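Structural characterization, general
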Amino acid sequence: NAGVTQTPKFQVLKTGQSMTLQCAQDMNHEYMSWYRQDPGMGLRLIHYSVGAGITDQGEVPNGYNVSRSTTEDFPLRLLSAAPSQTSVYFCATGVRGGLTANEQFFGPGTRLTVL
Amino acid sequence: SQQGEEDPQALSIQEGENATMNCSYKTSINNLQWYRQNSGRGLVHLILIRSNEREKHSGRLRVTLDTSKKSSSLLITASRAADTASYFCATVLIAGGTSYGKLTFGQGTILTVHP
């Protein structure tokens, strides 16, 4: 099993460009989420999904879109990249536990630089 | 603002010593989780403690939770150089209705264990 995979590992964009960060999992987890991690800070939740067809906003959703058409995939779209979106992006999955979030499994991350 | 805040921000110890990290949070939680992050890697789940639990053990890890003080501590006993990493606490707020309990991370404690 590959677990949680993220592509690409590294990406450099110019301001205004758009791109999609890919996240895929083979653990059949209902819950998937995207975080960004900035230097000296913890992880901040961007968007999450509790199942196919269901998404919701996290703490810092502006400038990002998500969709969840399958259980396995949860892509994160940057609509018009800005330097403030330079960060390391992590995708995480987990077993949905009622109305709570339990153990999360993290991908290796995508390091994004916006010039 | 961050729900969880770790203390200290950085901790440097010798191999064999115990390491204690603390986490404080602001509002009532469903559960609290601790994660480890090695440099340049994704996060790895260490332990989850629910709001009705006071202490949990896992190998050399001991986690306590004091809901009256809104705080938790992670103790790593007999530390090893391989324990060198950043450690994050993450809280899950009590959810209701259609709201799903999301993880909110603190800023982390950087632990360095010298051989």
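Residues numbered from 1 in each chain as written. Chains lettered and ligands numbered in written order. Predicted model: local features only at pLDDT ≥ 70, side-chain atom pairs only at ≥ 80, totals over all residues. Heavy atoms only, no water.

**Section: the packing of aromatic side chains**
Here the structure, examined in full by the defined rule, presents eight aromatic pairs over all chains. Aromatic pair Tyr35(B) and Phe105(B): ring centres 5.5 Å apart, planes at 55 degrees, arrangement tilted. Of this pair, Tyr35(B) sits in strand 4 (residues 29-37) while Phe105(B) sits in strand 10 (residues 103-105), and the two are 70 residues apart along the sequence. A residue is classified by how much of its surface remains accessible, and Phe105(B), at 0% relative accessible area, is buried. Taken together, the ring pairs in this structure connect Tyr35(A), Phe90(A), Phe106(A), Tyr35(B) and Phe105(B) into an aromatic cluster. One cation-aromatic arrangement involves Arg68(A) over Phe74(A); the distance from NZ or CZ to the ring centre is 6.0 Å. (Phe/Tyr/Trp six-rings, centres within 6.5 Å; stacked < 30°, edge-to-face > 60°. Helix = DSSP H or I, 4+ residues; strand = E, 2+ residues; numbered from the N terminus. Buried < 20%, exposed > 50% of the residue type's maximum accessible area, 1.4 Å probe, protein only. Lys NZ or Arg CZ within 6 Å of the ring centre and 35° of its normal.)

**Focus: the nonpolar core**
Residue and element names in this part refer to chain B. Core analysis: the largest hydrophobic core is formed by 22 residues, its most contacted members being Leu-32, Trp-34, Leu-74, Ile-76, Tyr-87 and Leu-111. Taken together, the elements giving at least two residues each to this core come down to strand 2 (10-14), strand 3 (19-25), strand 4, strand 5 (43-50), strand 7 (61-66), strand 8 (71-76), strand 9 (85-93) and strand 11 (109-114). It is strand 3 that provides the largest number of residues to this core, a total of four residues. (Core = buried A, V, L, I, M, F, W, Y, C linked by side-chain atoms within 4.5 Å.)

Purely geometric numbers; function is a separate question.
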